[in-house]
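Each chain, letter by letter, is given below.
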Amino acid sequence: MSLTITPLVAPLGAEVTGIDLREVLDKETADRIYAAWLDHIVLVFRDQELSKDEQLAFARHFGSVGDRATPKDLQNEVANGYDGRIMLVTNQRDEKGNYIGSLQDGEMWFHHDMSYTPAPHKATLLHALELPSEGGNTKFANMYMAYENVPDALRENLRGRRVLQAYNRSMLERVDPEQGLDDIAHQWQPIFVKHPETGRISLYVSHLISAWIEGLARDESEAILEQLVVVAEDPSLVHEHIWNDGDLVMWDNRCSTHARTDFPPEQSRLLRRCTIEGGPMIAAA
Ligand code: OGA
Ligand code: MN
């Protein structure tokens, strides 16, 4: 088996073949994968079959595995014996009818994972274990390209400004910041961020999480956010991943957003997720 990295015919993403992720990687292999991930933003590994611990061990090649933002006492996964690092992205329920995981059903709008925290995790790794017969695809959008596509005048106008990123635990609707933020995880972040490793600049705005642009009246902020979201979700910078059992996808939250398409609620969907710690977002100069 030899490690091969094949860029997707898409605005981001590459497929990695010739590797069994259950094995401990030598440094050269881990370095090649990490470099490809920085280049391509999203890596797809197919036909993998990882236990929870194997998934965590693979992630650990690239940094420290992160604790979830959700308090442990609110995690369905912890109630099911996990330790606060693993998320089960699933609509499955236990015999009492309680959800065993998170992000259960339905469409999810584009977002950056953990943008509402002071130090968002840099990577998310999602491993498909059980899938519906249709839908539940994950779309990825290239935020380097989105930054380039922001109209010049708007980019100048927003230079140096921050945006409130606010998270409603349902992950299904936007927060209304005028209703108060007492029980809502939130963080002011630069609108344009510099990637700490590639040095490239990205748009750090999303439909689901971005709630208010600093220093603007709410209606003006809403109008500009809408304009930015149109740029950020332009089909020319989006790739839709159609999952197969055994896929493991690893994405960079500093320069991409992702979204989920709807799927039949009566069908089971289960993916196992972990993340890798990152640092505070860096404002573009
Ligand atoms: C996530 C997420 C999308 C999906 O795990 O962060 O947004 O397709 N998942 O379930
Ligand atoms: Mn997500």
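Above this text sits the structure in question.
Now for a quick tour of the structure. (Residues numbered from 1 in each chain as written. Chains lettered and ligands numbered in written order. Predicted model: local features only at pLDDT ≥ 70, side-chain atom pairs only at ≥ 80, totals over all residues. Heavy atoms only, no water.)

**Brief notes about the overall build of the chain**
- Each helix and strand counted, the chain has six helices and 17 strands in total.
- If you line up the chain on its principal axes, its C-alpha atoms span 50 × 45 × 35 Å.
- Evaluated residue by residue, the chain yields a buried proportion of 52% over its 285 residues.
- Within the chain, contacts between residues separated by at least 24 positions form 79% of all contacts whose residues are at least 6 apart in sequence.
- One finds the centroid of the 27 positive side-chain charges in the chain at a distance of 4 Å from the centroid of its 45 negative side-chain charges. (Helix = DSSP H or I, 4+ residues; strand = E, 2+ residues; numbered from the N terminus. Buried < 20%, exposed > 50% of the residue type's maximum accessible area, 1.4 Å probe, protein only. Contact = heavy atoms within 4.5 Å. Lys, Arg positive; Asp, Glu negative; His and termini not counted. Charge placed at Lys NZ, Arg CZ, Asp CG, Glu CD.)

**Section: helix α2 (residues 52–60)**
- For α2, the complete set of buried residues consists of Q55, L56, F58 and A59. The buried residues of α2 occupy one face: seen down the axis, they fall within an arc of 160°.
- Tucked into the core, α2 has its buried residues touching β3 (42–45), β6 (123–130), β14 (248–252) and β16 (270–276). (Arc of directions from axis to C-beta.)

**Side note on the packing of aromatic side chains**
- Across all of its chains, the model carries seven aromatic pairs by this definition.
- Taking the centre distance of 5.9 Å and the plane angle of 20° together, the rings of Y34 and F62 count as stacked. Linking Y34 in helix α1 (residues 27–40) with F62 in the loop between α2 and α3 (76–79), this pair joins segments that are 28 residues apart in sequence. We note that Y34, like F62, is buried.
- Joined through ring pairs, the aromatic side chains of Y34, W37, F45, F58 and F62 make up one cluster.
- One Lys or Arg, R155, reaches over the ring of Y147 and ends 4.9 Å from the middle of that ring.
- One Lys or Arg, R200, reaches over the ring of Y144 and ends 3.8 Å from the middle of that ring. (Phe/Tyr/Trp six-rings, centres within 6.5 Å; stacked < 30°, edge-to-face > 60°. Lys NZ or Arg CZ within 6 Å of the ring centre and 35° of its normal.)

**What about the site of ligand 1?**
- Taken together, V89, L103, M108, H111, D113, L126, T138, W251, H258, R260, R269 and R273 make up the full set of residues near ligand 1.
- Residue H111 places a side-chain N or O atom 3.1 Å away from an oxygen atom belonging to ligand 1.
- Protein burial of ligand 1: of its 290 Å² of free accessible surface, 99% is covered by the chains.
- The residue inventory of the shell around ligand 1, partitioned by class, reads five nonpolar, three polar and four charged. (Near = heavy atom within 4 Å. Polar contact = N/O pair within 3.5 Å; in protein donor to acceptor, adjacent residues only side chain to side chain. Areas by Shrake-Rupley, 256 points an atom, 1.4 Å probe, with all protein chains shown as cover. Nonpolar A, V, L, I, M, F, W, Y, C, P; charged D, E, K, R; others polar.)

**A few points about the coordination of the manganese ion (ligand 2)**
- At 2.1 Å from the manganese ion (ligand 2) lie its protein donor atoms, namely H111 (NE2), D113 (OD) and H258 (NE2).
- Read in sequence order, the donor residues coordinating the manganese ion (ligand 2) give the pattern H-x1-D-x144-H. You can see D113 sitting in the loop between β5 (108–111) and β6 and its partner H258 sitting in strand β15 (residues 256–260), a full 145 residues away along the chain.
- D113 sits in the buried class, given a relative accessible area of 5%.
- We classify H258 as buried; its relative accessible area is 5%. (Donors = N, O, S within 2.8 Å, 3.2 Å for Na, K, Ca; no water.)

**So, the nonpolar core**
- Judged by nonpolar contacts, the single largest core of 30 residues is most densely connected at F45, F58, F62 and L125.
- Put simply, the parts of the chain that give this core at least two residues each are β2 (14–17), α1, β3, α2, β6, β14 and β16.
- With six residues, α1 is the single largest residue contributor to this core.
- Excluding its chain neighbours within four sequence positions, the residues that come into contact with L125 are Q55, F58, A59, L248, V249, M250, R272, R273, C274 and I276.
- Counting residues in hydrophobic clusters, the runner-up holds 24 residues, among them A146, V150, I191 and A232. (Core = buried A, V, L, I, M, F, W, Y, C linked by side-chain atoms within 4.5 Å.)

**Description of the pattern of salt bridges**
- For the structure on display, the rule yields 17 salt bridges.
- D252 is paired through a salt bridge with R254; the nearest N and O atoms lie 2.9 Å apart. Residues D252 and R254 agree in their burial class; the two are buried.
- In this structure, a network of salt bridges that share partners links the residues R174, D176, E178, R218 and E222. (Salt bridge = Lys/Arg side-chain N within 4 Å of Asp/Glu carboxyl O.)

**Things to note about the environment of H207**
- Structurally, the position occupied by H207 is in the loop between β11 (201–203) and β12 (210–213).
- Between the C-alpha atom of H207 and that of E226, which follows or precedes it by 19 residues, the distance is 7.9 Å.
- When near neighbours in sequence (up to four residues on either side) are disregarded, H207 contacts W109, F110, R174, V229 and E233.

**Considering the sheet that holds strand β13 (residues 238–241)**
- Taken together, four strands build an open sheet; the order of strands is β5-β15-β7-β13 and the sheet is antiparallel. Strand pairing shows two members of the sheet lacking a second neighbour, β5 and β13, which therefore form its edges. On average, adjacent strands in this sheet sit at an angle of 15° to one another, irrespective of strand direction.
- Two strands pair when backbone bridges link them, and β5 and β15 are joined in this way by two bridges, in the antiparallel orientation. The residue bridging H111 from the neighbouring strand is H258, located in β15. (Pairing = 2+ DSSP bridges. Axes fitted to C-alpha atoms, helices over the stretch in contact; angles between N-to-C directions.)

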